[in-house]
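The primary structure of each chain is shown beneath.
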Amino acid sequence: MTQFKDAAIVLTGAAGGFGQQFTRKLLKAGGQLILADLDEARLRQQAEAIQQEVKTGKVLACLGVDLSEPAGSQSLYDAVNALGVPVDILINNAGIGLYGRMDEVPTDKWERLMQVNLLAPMRLSTLFVADMIQRRQGHIVNISSLAGWIAVAGMAHYASSKFGLRGFSEGLFNEVKPYNVKVTAVYPYFSRTPLLQAEKYGSLAQETTGISDKDATDPERVIEAVIRAIAQDKLHVFPDRKAQVFHQIKRYFPPIITWGVDYFKPKQNAKP
């Protein structure tokens, strides 16, 4: 089983909704955290507040990195290496969202999404896993989404990144298991995090209200379930009831999902 006490843990997207919950829970478990996010000042402020609240574990570093650029992953890896601390767990949590019909989303927006959601986890995993293989220990955690199993209108780009992260995680799992390196992929339902306020574009954005806070899940409970699953070295994790139900329907009764996308259907008929 994966242990958190005294483990060196790299967490991306640490200033976000899931990131703050991860920070709090992992500190409580005695982890030694290396936190990364785009806004270093904001990240440092949040980390200090959580550290004072929890009073266990330790934040080793707060690093400002831009994972939407290929150089950002290398920069993060180099900064972690400079600390001289072998990484036990890498949590690829950073992610961004957007909503809109495929042709109505600006190209630079969806390409940036693919960089952060898919290519950065692949780059970071590639960089950190070599040492894990050499040490014959380590754990890589990729935060995908239920959208990595079910793609609805307006989320073609986001779902593509999360489907890709699911496939990468499964392939990576099979490649590194002979070296005692673990891989976990996580597929939460929509949770009450800033991701719900992601940018919206075009006609679909005008026709749908999206997911309400009431319908979304509690991020604290989601991350509690994720941490339990990481400790148990699970590969595929559905950390909330809604994700579990939708996945089972998708797996055993896929036509129901095809029919059931009306749950997310815009209120008005589609317009050209």
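Conventions adopted
Residues numbered from 1 in each chain as written. Predicted model: local features only at pLDDT ≥ 70, side-chain atom pairs only at ≥ 80, totals over all residues. Heavy atoms only, no water. Phe/Tyr/Trp six-rings, centres within 6.5 Å; stacked < 30°, edge-to-face > 60°. Helix = DSSP H or I, 4+ residues; strand = E, 2+ residues; numbered from the N terminus. Expected span 1.5 Å × (residues − 1). Buried < 20%, exposed > 50% of the residue type's maximum accessible area, 1.4 Å probe, protein only. Salt bridge = Lys/Arg side-chain N within 4 Å of Asp/Glu carboxyl O. Axes fitted to C-alpha atoms, helices over the stretch in contact; angles between N-to-C directions. Parallel < 35°, antiparallel > 145°, perpendicular 65-115°, else oblique. Contact = heavy atoms within 4.5 Å. Nonpolar A, V, L, I, M, F, W, Y, C, P; charged D, E, K, R; others polar.

**Student:** Help me understand the packing of aromatic side chains, please; the structure alone is not making it clear to me.
**Tutor:** Tallying each qualifying case throughout the model produces six aromatic pairs. Each ring, one from Tyr 77 and one from Phe 128, has its centre 5.1 Å from the other, and the planes form 80°; the classification is edge-to-face. Linking Tyr 77 in helix α3 (residues 70-82) with Phe 128 in helix α4 (residues 107-135), this pair joins segments that are 51 residues apart in sequence. Joined through ring pairs, the aromatic side chains of Trp 149, Tyr 187 and Phe 238 make up one cluster.

**Student:** What is the right way to look at helix α1 (residues 17-28) in this model?
**Tutor:** Residue pairs three or four apart in sequence face the same way in an α-helix, which turns once every 3.6 residues. For α1, built from 12 residues, the straight-helix expectation of 16 Å at 1.5 Å per residue is met to within 8% by its first-to-last C-alpha distance of 17 Å. Along α1, nine of the 12 residues are buried, which leaves the element largely enclosed by surrounding structure. Here α1 has its buried residues at Phe 18, Gly 19, Gln 21, Phe 22, Thr 23, Arg 24, Lys 25, Leu 26 and Leu 27. Positioned one or two residues after α1, Gly 30 has a phi angle of 90°, which is positive.

**Student:** Before we go on, may I ask you to explain the pattern of salt bridges in this structure?
**Tutor:** Pairs can form between side chains of opposite charge whenever their charged atoms are close. Within this structure, the stated rule accounts for nine salt bridges. One salt bridge connects Glu 199 with Lys 109, and the closest N-O pair in it is separated by 3.7 Å. One end of the pair, Glu 199, is in strand β8 (residues 199-201); the other, Lys 109, is in helix α4, with 90 residues separating them in the sequence. Linking Arg 135 and Asp 131 is a salt bridge whose minimum nitrogen-to-oxygen distance equals 3.7 Å.

**Student:** Honestly, the packing of α4 against helix α5 (residues 156-176) in this entry has me stumped. Any pointers?
**Tutor:** Two quantities define a packed helix pair, namely the angle between the helix axes and the distance between the axes. As a packed pair, α4 and α5 sit with axes 9 Å apart at the nearest point and diverge in direction by 10°. When the axis of α4 is compared with that of α5, the two are roughly parallel. Between α4 and α5, the residues in contact are Trp 110, Leu 113, Met 114, Asn 117, Leu 118, Pro 121, Met 122, Ser 125, Val 129 and Ile 133 and His 157, Tyr 158, Ser 160, Ser 161, Lys 162, Gly 164, Leu 165, Phe 168, Leu 172 and Val 176, respectively. Partitioned by chemical class, the residues of the contact of α4 with α5 number 13 nonpolar, six polar and one charged.

**Student:** How should I be thinking about unusual backbone geometry in this particular structure?
**Tutor:** Residues apart from glycine generally show negative phi values, whereas peptide bonds are mostly found in trans. Even without being a glycine, Lys 55 presents a positive backbone phi close to 65°. Along the polypeptide, Lys 55 turns up in the loop between α2 (40-54) and β3 (58-64). For Lys 55, a relative accessible area of 67% puts it in the exposed group.

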